[in-house]
There are 2 protein chains.
Amino acid sequence: MTTPPTTGTQAVDRAALLVATVVRADEPLTFADLQAACGLPKSTTSRMLTALERSELLERNDSGSYVAGPLFWLYATRHDPWEELVRLARPTMDRVGQDTGETVNLSVCRGDRVVQVAQVDSTYLLGTRDWTAVDVPAHSSALGKVLLGYGVVDLPKGELEQLTPYTITDREALRRELAQAVRRGWASTADELEIGLSGIAAPVRGSGGEVVAALGISGPSPRLQDRREEIGRKLSDRAEQLSGLLRRNTRKEGVA
Amino acid sequence: MTTPPTTGTQAVDRAALLVATVVRADEPLTFADLQAACGLPKSTTSRMLTALERSELLERNDSGSYVAGPLFWLYATRHDPWEELVRLARPTMDRVGQDTGETVNLSVCRGDRVVQVAQVDSTYLLGTRDWTAVDVPAHSSALGKVLLGYGVVDLPKGELEQLTPYTITDREALRRELAQAVRRGWASTADELEIGLSGIAAPVRGSGGEVVAALGISGPSPRLQDRREEIGRKLSDRAEQLSGLLRRNTRKEGVA
DNA sequence: GAGTGGAGTTCCACATCATGGAACTCTTCG
DNA sequence: CGAAGAGTTCCATGATGTGGAACTCCACTC
């Protein structure tokens, strides 16, 4: 890491390093943070940051820290990063829908939230409704538990929200629950998000083997009560099939 | 535009120009495209593109053309560009829901598609269902007509899909319809997407005055039939209020 | 299979352009 | 009011990026 084995690109490399540092950090970085992280002299850092800001690759927030610039925002308005995932997952989700008759969901982590990116509706009259983009605390849904268990999302700082008397709010109890879920390959909830609502979910792995999403179903607790094990295993299988698909079809790299 | 009034940043500026060109183009650009677009000598272009690729700011697709690199993708997985819009729009949408009782939707353009980014459900039993992220031809929905009318999305190349006998598939007729919608400030559809389904929508403007989204309702045609005018004007008002909010709250720049 | 042209990479002498230490300018805080 | 911190500007220096030309690698064509 002394001198890159390349030539004629010092300035560009350094500039790119600054941009990459900001984007990967995913939180505003101050001038000093950046200077330290990249190990560049003050004057160089200053000159480059100014140029990058002018070019819209970076931008300063109200407090003067650097964040990803308008070009990144523009890119995000035009590209759905989960498009491919959803496309590849659709057949699997349909099959799960046929298997169980329940509402099927695919969740990923966006920032520090769990979001639903695709859904197949229940065939029953009584079913979970438009779930997409609903913001639900991770520790209270099966999908969330999967993503938590594999470290795709982190628990929020403060108290864990108690949504029903059954919501697990004790961090230690939750840790055990998550560990178990990881061990057996699927997670479940019963009445923890809403009385009467149960969910079961399993991890989906990306091309690098890292967990990128959770595949799950949800429905009325009475209907799922006795099929937990069976559905859990089924989901786990289906999720693994999907993971196989992704391994073959996805772009080279995963998430940082 | 002869010489930028800045100094000591030629390399970075040029590199940034290459990246910006690729991101804004939003389609794979060949080496030659880039060289031409940026007016740089071959050797410089080559050296820089190699460096940018190494830094993950750019990436080459299968056919060797350049596209936005992994850093952009990473950013997109973490940030929802419509988060702010949805947050600001929520109260307005709720109000529209109360006004009309119908399903309320907020749509934007992602790439060349119209996507729903937020929804308030109908209070009626008979209502439009989970609509979010459903892919519907722009010319057959009111929301789509608004975005088409203001040039936020473009019509697809080939034949316009005929979904019902009432779908407008004649480009000239559609052009007139869109012009009228723009003139009066709202668009509507009746049985053009699905028999029995009607929709009404109005444009929402961003901080720069450009149309960035469409606010609309949809419901059974019989229920909307006679209230078209009234709801259209109401929606237009609400959308304008929302636009006012955005003007004050949104980041400096809009869309390219 | 030699011949041609287009597309992109590598080379290298040159001087332009980025470099970074130091001086300078604002703020902030004691 | 003085001192320290944070960031910008200056400028002499030479390392670094530059770009024309030569070169390589295809993909076609006759």
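Note that the coordinates shown come from a computational prediction; the quantities given were computed from them, not determined experimentally. (Residues numbered from 1 in each chain as written. Chains lettered and ligands numbered in written order. Predicted model: local features only at pLDDT ≥ 70, side-chain atom pairs only at ≥ 80, totals over all residues. Heavy atoms only, no water.)

(A) Representation of the overall build of chain A. Of regular secondary structure, chain A possesses 9 helices and 7 strands. For chain A, buried positions account for 52% of its 256 residues. Counting contacts in chain A only where the partners sit at least 6 residues apart, residues at least 24 apart contribute 56% of the total. Of the accessible surface of chain A, which amounts to about 12,100 Å², a share of 50% is contributed by carbon and sulfur atoms. (Helix = DSSP H or I, 4+ residues; strand = E, 2+ residues; numbered from the N terminus. Buried < 20%, exposed > 50% of the residue type's maximum accessible area, 1.4 Å probe, protein only. Contact = heavy atoms within 4.5 Å. Areas by Shrake-Rupley, 256 points an atom, 1.4 Å probe, with all protein chains shown as cover.)

(B) Structural detail: the confidence of the model for chain A. All names here are of chain A. Here chain A shows a mean pLDDT of 85. Residues at 70 or above account for 89%. Confidence over residues 1-5 falls short of pLDDT 50; this stretch has 0 contacts with residues more than four positions distant or in other chains. Low confidence marks residues 252-256, where pLDDT is under 50. Its contacts with residues over four positions away, or in another chain, come to 11 contacts. (pLDDT = per-residue confidence, 0-100.)

(C) Examining the relation of the copies chain B and chain A more closely. With an RMSD of 0.1 Å, the fit of chain B onto chain A corresponds to turning through 180 degrees and sliding 0.0 Å along the axis. Interpreted geometrically, this transformation is the action of a two-fold axis. Looking at chain B, 100% of its interface residues are interface residues in chain A too, so the copies touch through the same face. (Least-squares fit on C-alpha atoms with pLDDT ≥ 70 in both.)

(D) Spatial organisation of the environment of Leu 155 of chain A. Residues and elements named next belong to chain A. Residue placement: Leu 155 occurs in the loop between α6 (142-149) and α7 (171-184). Classification of Leu 155 as partly exposed rests on a relative accessible area of 26%. Measuring from C-alpha to C-alpha, the distance between Leu 155 and Pro 137 comes to 9.1 Å, with 18 residues separating the pair along the chain. Setting aside anything within four residues of it in sequence, one finds Leu 155 in contact with His 139, Leu 148, Leu 160, Arg 171 and Leu 174.

(E) How the structure looks around the protein's contact with DNA strand D. Taken together, 18 residues lie around DNA strand D, and Gln 10, Ala 11 and Ser 46 of chain A together with Ser 43 and Thr 44 of chain B are the ones closest in. Near-protein atoms of DNA strand D (within 4 Å) split between backbone and bases, with sugar and phosphate holding 59%. A distance of 3.4 Å separates a phosphate oxygen of DNA strand D from a polar atom in the side chain of Arg 60 of chain A. Within the side chain of Thr 44 of chain B, a nitrogen or oxygen atom sits 2.9 Å from a phosphate oxygen of DNA strand D. Looking at the surface near DNA strand D, the elements that each hand over two or more residues are α1 (10-25), α2 (31-38) and α3 (42-54) of chain A together with α1 (10-25) and α3 (42-54) of chain B. With 4 residues, α3 of chain B is the single largest residue contributor to the surface near DNA strand D. (Near = heavy atom within 4 Å. Polar contact = N/O pair within 3.5 Å; in protein donor to acceptor, adjacent residues only side chain to side chain.)

(F) Highlighting the sheet that holds strand β6 (residues 197-205) of chain A. All names here are of chain A. Taken in spatial order, the 5 strands line up as β4-β3-β7-β6-β5 in an open sheet, and their pairing is antiparallel. In this open sheet, the two strands that pair with only one neighbour each are β4 (113-120) and β5 (187-190). In this sheet, neighbouring strand axes are inclined to one another by 25 degrees on average, regardless of whether the strands run parallel or antiparallel. Here β6 pairs with strand β7 (residues 211-220) via 9 bridges, running antiparallel. Note that in β7 the partner of Arg 205 across the bridge is Val 211. (Pairing = 2+ DSSP bridges. Axes fitted to C-alpha atoms, helices over the stretch in contact; angles between N-to-C directions.)

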